[in-house]
Structures are given as C-alpha cells and as structure tokens.
Amino acid sequence: MDKSSGAHGVGGGSQQAEIIRGTLLRGWRERALLTQEQLAAQAGLSVRTVRRLERGIQVRPRGASLQLLADALGLSAAEREALVTATSAALPRRTGTEVPVPRQLPANVAVFIGREQELADLENVHSHQQHSVDPDSGHGPPVKIIAVDGMAGIGKTTFAIHAAHRLTPHFPDGTLFVDLYGYTQGRAPVDAGDALDQLLRGLGLAGERIPPELDERSALYRSVLADRRALIVLDNAVSERQVRPLLPGAGGCMVIITSRGRLTGLERTHTVSLDIPSSTDALAMFVHAAGHNRLVRTPTDLLHQTVQRCAMLPLAIYIAGARLRSHPSWNVEDLLERMDEHEPRLDELQAGERSLTAALDLSYRELTPGQQRAYRLMGTHPGKDFDVHTAAALLGAPVPAARQLLDQLLDVHLLQEPVAGRYRFHDLVREHAAVAAGHDGVESGAATGRLLDYYGTAVTAAVDTLYPYEADKRPAVRAARVAAPAMRSAAQASTWLDAELANLVAVAAHAADHGFGDRAVQLSAALHRCLRTRGRYIEAEAILHRALTAARVTGNRSGEIEALLGLGEISSARGLHGQAAAHLGQALDIAQETSDRRGELGALNGLGWTHRRRGRYQQAAEVFERALAIAHAIGNRTGELDSLTGLGDVHRMLGLHERSADDFAQALDIARALGHRTGELKSLSGLGHVLRALGRLEEAADNFARALPIARATGHRTGELDTLSSLGDIHRLRGRLPAAASTYQQVLDIATEIGSPNWQFEAVQGLGRLWRAAGRPAESLDHHQRALALATDLNQPDDEARAHDGVAHACHTLGRHEEARRHWRLALEILTTLGNQQTEDEEANVDTIRAHLTALEHSSGDALAAVTDHRH
C-alpha cells in the first residue's frame, strides 16, 4: 500500500476532541433545522469552514467564529461551554515525550549599559499584563505587544534580546526569535508565511502539519499559543503588515518587535522609542569597549569628543572602542585623528549613519589585507549566518586559518557570534562589507562559486547519510576544496541540515538569480529529499521553480528534467495529483526528445504512482510496464526495483495476485542484492498485502513483522505506518479487537506526529471497521465520517469509496437504511467510474456493494408489501 504523506495534519492528542466537537455542531445544526449553507450564511462564515468543523478535520476556529456559530445556533450557556471545552481539548498539547520548550533567544550581552528607564517600563508592562483581563474574551490576560523603534545602529536588537532574557523566567512555555530582515541590503524582508513556518516549527509542529496558506498558518499559530505563556521576539520588522499575522490572538504571551519605523498601525501596542544614550552611558560604552585600563589617564573632554564624533550611536561607539583596544600603541588622540581624516562617501546619510560609516571605514582600513579580504567575502554570503567551514569555503582557505580570521573580526566588533559556532554581521556592517566586496566583482564571483561547491558537496554528504538508497538518483556535484563537517551518523547529518537549511534555500535562490544556473540545478536536486521529508513544500517548490527557469535559460535539458521530477513529487506529496501528472508529463516529453532514458524512467515511475494514487490501476500498470522495460534496457537496477514494487501494488489492486507476488519476489531479490533496505521493506510489505488478500493471514503477518524492524531501523516512517496499519487490519480480521485497537492507535499517533493525513485516514478507517465489529455502530459511524472527510480533502476517490462503504455499514446497523443506500451507491459510482473492482478493504468491492444494495431493495420491498397487506 502506498501513501504519500500529504500537506496537512491534525494536532497531537486531539482527534477524539475534534470528533466530539464536530458531532456537537452537527447535532445542534440539525436541531435548528439548518443546512450547512444556511448555518454558514447566518454565522457569516464560509461553508467550507462549517463543513470541516462538523467533519472533525483539523480546523482552529477563532474565538469570534465560535461565538458567531453559537449565536446562529441559539446555544445555551452550558452548550457554549461544551463547545469551548471541546475546541480547547482539540488543540495541540505538549507532553514530556514531545519537543522541548523552545529557547531561541540569541546570546545576551555580557555587560548591558544604560536604558534603565526603558527596561523598567517594559517590566511594568509585563507586570500590568499579569493582572489584566482581555475585555473581548472575558478570560485570561491579553497579549501584550511591545514595539521598539529607533534609527539604525541605536541598539534595538541588543535591547530587545537583553529585555527578553530578563523576562524569560515569566514565560514557562518558551521564547521564540525570528529575524524578519526588514532592512538587510540584498535580501527581501521575510514573508509572513515563512516566518509563521519558522515559529510553528519552534513550537514543535512537524513540517507537514503546517498548512501552506497564510491565513491557515496564522490561525493555527494563534490556536497553539492560545493557552500558553510564551515570549516572542520579532526583530527587524519592516511594517505592520509583515508582523500582524505573527501576533498571538489571546492569552498570556508577550511580543517584542523591533523596527526602524514606528509601528503606529498596531493596536494595543506599548511603544519604546530608543534615542541616543545619555552622555554618561555613551562614555561607559566606549570605556567598556576600549578597556578601562587603557583610558584611566585620558582627559574626560577627549572621551566626550570621541563619543560625539560617533554621533552617540552605540554601534559606532563600540566599533571605535574595539579599534582602539586592538592598537595598544594608540591613544584617544590617535583614534580621533584617524576618524577626522575620513570623508563620508554617502553624504545623504544621517549624522549617526555617517559616523558609523566613518567608524567602519576606519576599522576596515586598519585591518590586515587578509582580514580585509575575509571581511569583504563574508559579506557576500546570501544567508543569515555561517559556520567556520562556510567561511573557509568563501575564503578558499583551510578551516584553522578561517577560524583565526573569524576570531580577529569578532575582537574588533565587525562580526557577531549570537550562538556558539555561528557567525553573522549586523545589517549595517554587512551592508558595508558588501559594498567593499562590490569593488572586485571577479573576487566575489569566485567566492560565490566556491561557496556553491562547498554547499553542494556538504548537502550531498548529508542526504547520502540520511537517504543512502537514493544516492544514485542524485546528480553529481563539483568537488569542493573545503571538507564538510563530519556526517558519519544520521544524527550528525540531520543536525547540520537543520542549522543550514535556511541558508541552503537562500544560496540556491541566489545561485539561480546570479548566473550560476547549473549549480542551482545541482543544489536543488540535492536539497529536494530533505526539504520534502521535512515538509518544506513551499521552499522546495520555490527552489525547484528557480532551478527549472535556470535550466531552461542555460539549455540544461537534464537539469530541466530533474526539476520537473522534483516538482512532480512535491505536488504528489501535497495531494495535487493533476499538477503532479502535468510536471511528470513534461519531464517525460523532454526525456524522450533528448533520448534521456534515465530521465524517462524516473518520469514513468512517478506517473505510475500518480495514477495508482488516483485509483487508475490499469493505467498505472501500463506505465510501470514501460518503466520496467527501460530499466532492463539500460541496466538500472534501482529503477527496476521501483518499477517492480509499483507493478506489484497495482497488480494486487487489479486482483492479479500471482503476478503481484512474483513482482514483489523479484523486487525483494534485487533489493537484497543491492543492500537497498527501503526496497526490501517495500517488497516485504507488498508480499504481506498479497498474502492478506489471498486470506493467508498468518503468512501476511509474518511478512509485516519482518518489514517493521527494517522500517524502524532506517527511520522510514511511512513504511512503519504501512506495516503497523496492516498488522492492525490482520488483528481485526482475526477477531483480536484489543490488539487491533492498540495497533491502530499507534498508527494514529505516528501519523499525527509527522502530519500525514493519508495515514490518519487509514487509522480512522480501521477504527471504524473495528467499532462496528465490536458492536458499537455509533462510534463506527463517527470514525468513517471522519475518514470520508480526510479522503475527500486528499482527492483520493478510491479511499472515498472505502469510507462511503464504512459509513453505509454503520448506518445500516443503526437502522438508517436510506443513508446506507445513498453511501453504497456513491461508493459503487466511484468504483465504476474508476473501472476498479476492489479497494484496499476486503469489505469494499463492487460485487459485495451490489449485493448490499440488492438486499436493501428486497428488504424495502418486503416492508412495503407488509404495509400494503396491513392496509387491506
């Protein structure tokens, strides 16, 4: 059984609560004699929202939406409380085994000088929040928003981080930090949707549980934070529009926003405007940066002159002080003389910024040639931060030499180290470094090439460690001069990818946009697997589209095929099967035009699975047969393995069990010969499905039991779900209902954890069958209705037919025969349209469903005859 992971999920531990909420809403609506459309109109909501709420699909309604529903339904106070309780229980909760409390704040400064009044005001705001009640909600304190504004270099980020560290003990549910890059040269401000993705991941949500639409992400974010006390720092915001979707809706959270402009459009915001520090604080900053012992005998008026020359701008003061400290032979007069020699090149800058430019130019001129080169080239990095290996790649230098240069730039405050081993520039310093680098385009271009070679080599090493069974599918990359960090284990590879993923996305986009099309194609192909596995569909699509454009511009037809194959796989994973087929069809056309048999093989295998997921088994079989012939012709054993497992699956669904078993047996031999553990897993599981279809349940269970440890050893969560779900089915079919219930619950827990609606469907559908076998038709109906909603959202008609059959069985048992007839007819219509005789469920096949409908017709006829006889 193949199940793609999909794009949406359900909150942990929330399934039963969501079902209860849906059942309550449906009952109240029917009591009010309203259709879903009428309720939506009266409540001012969309019909889709009402439908999803009733079906128990993951929907995170706002408090206002619940109020509108309650008013439209005329609910009593007790009923309103029940609705709120069910909604609260449906929200994701943390348990001791889940993601730890986020602590994302960058490192605090060792010594923070000044701003005592502003810090006191901030703490007073927090203290007031604890004793406030939100007048709109009537319960709990409101979210408090702090907007910190001020000119560039005034110290907004340092202030916000220091304040957040002081307030952290009051926020037991964690601290989140996002740099929104509102004013970074050469980089667009972070999109609100991307920022929400980062925040939700920080809160412990798996990537595939995060919806793609901005509104849905924002609603989910507010729901997750509704009952938490968390502190969120949004740094470098450019506008109210950028941050508004990132604000919690209610509860005990606090948000600190920094921006150069005053965010007057945000409601209920406490503003902290940072001005230049007092003369006393400015002197203290300079003394701290330069070293107290250096200045003991320096006249106070010279110190005042120096900070005035820095326009009292903290960043300029610290850089000037660090420059003095790094020159033991200088005194303050020497420093002032050199600063006075500077003539600002950018006359349009404000006084403070001119002073900063003066301080930076002075610092730059005083660096050694090697340090100047390092400063320039590190300023060309398009990502947010970098490690020593990345710096070494940019410089074309050994790692120890790069580390020494990083330390030297740290010493003079030209570089920051917010997290141990990760380096970054202040935005204004980065801008200065980038301008300096722009004077030598050849040197900068060569550095970018080295950076791309390094990242290509490093990401390939990481994904080869994590996904070794796909190594032969990835294109070759240029060898880099600098070795990547050690990635001997999956944990090391995963840690490196997590740290670098945002940079890799930025670098791939930069490569595509700046004349490195071939590298963009290679890097996107190497990144594809880890982005898909982590549910980063939006980033994956963006990179693949750029790679596709770059490949077309440069005439790289094989790169065009790779990008289209990647887009096809991502679309399929999101349940967009028509879009997937279009991408894969284009890849197939190009591969055939260019006689690229390997590309043709990949496209055909992808199309085969797309047809299979849409229930088009005969078409899938034909496509897999073509792929298998190509794999044999070119001697591609991995492609042969993929084709055989696909053929085995569709032959089983077509009822060709002997052919299916032979396909899987051949695939198993190839997988074991290649050491392809995932192929072995799929083959064993496939054989298990065939044996189950033949009624050989003991042998089937044995195959699934052999597949399960392979899935767990390789971290193949989908394979683990397949084997567990199948074992649950076998327990159920053999009447071992407690064992089946426990196994289905494992499937539901794992599917929820990784955000896979496909496997949530399998678990809920299995539980529906289980409850009917246990004589509990009402619970069975609830689960099958939930399964139907999931299958409909996934646009998988064969699964819809299975769910309709389950709903029909439950309705029939409950005596609701007209509803049963309707659902069986819908199931039969779907299967007839698809041309399929069988589904994954033994109970749901064309002959059996027709027999049920016939029996219903006869029973209705008998009932009518009885009524007629009685009347006569």
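Just so it is clear, the model here is predicted, and its values are computed rather than measured. (Residues numbered from 1 in each chain as written. Predicted model: local features only at pLDDT ≥ 70, side-chain atom pairs only at ≥ 80, totals over all residues. Heavy atoms only, no water.)

**Student:** Explain the overall build of the chain to me, using residue names and the numbers behind them.
**Tutor:** A tally of helices and strands in the chain yields 38 helices and seven strands. Burial statistics for the chain: of 872 residues in total, 57% are counted as buried. The contacts in the chain between residues at least 6 apart in sequence include a share of 69% that link residues at least 24 apart. (Helix = DSSP H or I, 4+ residues; strand = E, 2+ residues; numbered from the N terminus. Buried < 20%, exposed > 50% of the residue type's maximum accessible area, 1.4 Å probe, protein only. Contact = heavy atoms within 4.5 Å.)

**Student:** Describe helix H25 (residues 577-593), with residues and values.
**Tutor:** In this model H25 runs 24 Å from its N-terminal to its C-terminal C-alpha over 17 residues, within 8% of the 24 Å that 1.5 Å per residue would give. Along H25, the residues classified as buried are His-577, Ala-580, Ala-581, His-583, Leu-584, Ala-587, Leu-588, Ile-590 and Ala-591. The inward-facing, buried residues of H25 contact helix H24 (557-573), helix H26 (597-613), helix H27 (617-634) and helix H35 (777-794). Directly beyond the C-terminal end of H25, a positive phi value near 55° is found at Ser-595. (Expected span 1.5 Å × (residues − 1).)

**Student:** Tell me about the pattern of salt bridges, and name the residues and values.
**Tutor:** Under the definition given, this model contains 45 salt bridges. Close ionic contact of Arg-217 with Asp-197 constitutes a salt bridge, the shortest N to O distance being 4.0 Å. Note that Arg-217 is positioned in helix H9 (residues 214-225) and Asp-197 in helix H8 (residues 192-202), a separation of 20 residues in sequence. The class of Arg-217 is buried, set by a relative accessible area of 4%. A salt bridge links Asp-649 to Arg-612; its shortest N-O distance comes to 2.3 Å. Of this pair, Asp-649 sits in helix H28 (residues 637-653) while Arg-612 is found in helix H26, placing the two residues 37 residues apart along the sequence. (Salt bridge = Lys/Arg side-chain N within 4 Å of Asp/Glu carboxyl O.)

**Student:** Describe the sheet that holds strand E5 (residues 269-273), and please don't skip the residues or the numbers.
**Tutor:** Strand order in this open sheet of five strands is E2-E3-E4-E1-E5, and the pairing throughout is parallel. In the strand order of this sheet, the two ends are held by strand E2 (175-179) and E5, each with one partner. Going from strand to strand, the sheet's axes swing by 15° on average, the running direction of each strand aside. Taken together, the five bridges between E2 and strand E3 (residues 231-237) define a ladder with parallel strand orientation. (Pairing = 2+ DSSP bridges. Axes fitted to C-alpha atoms, helices over the stretch in contact; angles between N-to-C directions.)

**Student:** Now, about the packing of helix H34 (residues 757-773) against helix H36 (residues 797-813): what can you tell me, with residues and values included?
**Tutor:** Interaxial distance between H34 and H36 falls to 10 Å at its minimum, and their mutual angle equals 25°. Relative to H36, H34 is oriented roughly parallel. Taken as a pair, H34 and H36 cross one another with a handedness that is left-handed. Of the residues in H36, those touching H34 at Asn-758, Phe-761, Glu-762, Gln-765, Arg-769 and Arg-772 are Asp-799, Arg-802, Ala-803, Asp-805, Gly-806, His-809, Ala-810 and Thr-813. Here the residues of the contact of H34 with H36 sort into three nonpolar, five polar and six charged. (Parallel < 35°, antiparallel > 145°, perpendicular 65-115°, else oblique. Left-handed = near helix turned anticlockwise from the far one by under 90°. Nonpolar A, V, L, I, M, F, W, Y, C, P; charged D, E, K, R; others polar.)

**Student:** Give a description of the side chain of His-689 that names residues and reports values.
**Tutor:** Checked against the element boundaries, His-689 lands in helix H30 (residues 677-693). Separated by 3.0 Å, the side chains of His-689 and Asp-722 make a polar contact. (Polar contact = N/O pair within 3.5 Å; in protein donor to acceptor, adjacent residues only side chain to side chain.)

**Student:** Can you tell me about unusual backbone geometry, naming the residues and giving the values?
**Tutor:** Of note in this structure, Asn-236 is not a glycine but carries a positive phi near 60°. By relative accessible area, which is 12% here, Asn-236 ends up buried. Here the phi dihedral of Ser-595 falls at roughly 55°; this positive angle occurs in a residue that is not glycine. Along the chain, Ser-595 falls in the loop between H25 and H26.

**Student:** Give me the lowdown on the pairing of strand E1 (residues 144-149), citing residues and values where you can.
**Tutor:** Among the six residues in E1, six count as buried, and that is most of the element. By the alternation rule, side chains of E1 split into Lys-144, Ile-146 and Val-148 and Ile-145, Ala-147 and Asp-149, which are all buried. Of the pairings in the sheet, the one linking E1 to strand E4 (residues 254-259) comprises six bridges and is parallel in character. Residue pairing in the sheet places Ile-145 in a bridge with Val-255 of E4.

**Student:** Which residues make up the environment of Glu-30, and what are the values?
**Tutor:** Turning to its location among the elements, Glu-30 is positioned in helix H1 (residues 15-31). Taking the C-alpha atoms as reference, Glu-30 lies 9.6 Å from Leu-73; in sequence the two are 43 residues apart.

**Student:** Just give me the short version of the confidence of the model for the chain, but keep the residues and values in it.
**Tutor:** Predicted confidence across the chain gives a mean pLDDT of 84, with 88% of residues reaching 70 or more. Confidence scores differ between elements of the chain, with helix H5 (residues 77-89) showing the lowest mean pLDDT of 65 and H27 the highest of 96. In the predicted structure, residues 133-139 sits below a pLDDT of 50 and forms 11 contacts with residues beyond four places in sequence or in another chain. Taken together, the stretch residues 863-872 has pLDDT below 50 and engages in zero contacts with residues farther than four places along the chain or on a different chain. (pLDDT = per-residue confidence, 0-100.)

**Student:** Outline the environment of Gly-688, listing residues and values.
**Tutor:** Topologically, Gly-688 is positioned in helix H30. It is 5.1 Å that separates the C-alpha atoms of Gly-688 and Asn-703, two residues lying 15 residues apart in sequence. Sequence-distant contacts of Gly-688, defined by excluding residues within four places in its chain, comprise Ala-700, Asn-703 and Phe-704.

**Student:** Requested: an account of the nonpolar core, with residues and values cited.
**Tutor:** Burial of nonpolar side chains together is a common tendency in soluble globular proteins. Residues Tyr-375, Met-378, Trp-496, Leu-497 and Leu-527 are the most contacted members of the largest nonpolar core, which totals 92 residues. Beyond its immediate sequence surroundings of up to four residues, Leu-527 is in contact with Val-459, Leu-501, Leu-504, Ala-508 and Ile-543. Among the nonpolar cores identified, the runner-up in size contains 47 residues, and Ile-154, Leu-274, Leu-313 and Tyr-318 belong to it. (Core = buried A, V, L, I, M, F, W, Y, C linked by side-chain atoms within 4.5 Å.)

**Student:** Describe the packing of aromatic side chains, with residues and values.
**Tutor:** By the definition in use, this model includes six aromatic pairs. With a centroid separation of 5.7 Å and an interplanar angle of 45°, the aromatic rings of Tyr-364 and Tyr-375 are classed as tilted. One end of the pair, Tyr-364, is in helix H15 (residues 351-366); the other, Tyr-375, is in helix H16 (residues 369-378), with 11 residues separating them in the sequence. A relative accessible area of 17% places Tyr-364 in the buried class. Aromatic pair Trp-609 and Phe-624: ring centres 5.4 Å apart, planes at 75°, arrangement edge-to-face. (Phe/Tyr/Trp six-rings, centres within 6.5 Å; stacked < 30°, edge-to-face > 60°.)

**Student:** Tell me about the environment of His-170, and please be specific about residues and values.
**Tutor:** Checked against the element boundaries, His-170 lands in the loop between helix H7 (156-167) and E2. Classification of His-170 as partly exposed rests on a relative accessible area of 37%. The sequence separation of His-170 and His-126 amounts to 44 residues, and the corresponding C-alpha distance is 8.9 Å.

**Student:** If you had to explain H16 to someone new, which residues and values would you point to?
**Tutor:** By the criterion of burial, H16 is predominantly enclosed, with seven of the 10 residues buried. All of the buried residues along H16 are Gln-371, Gln-372, Ala-374, Tyr-375, Arg-376, Leu-377 and Met-378.

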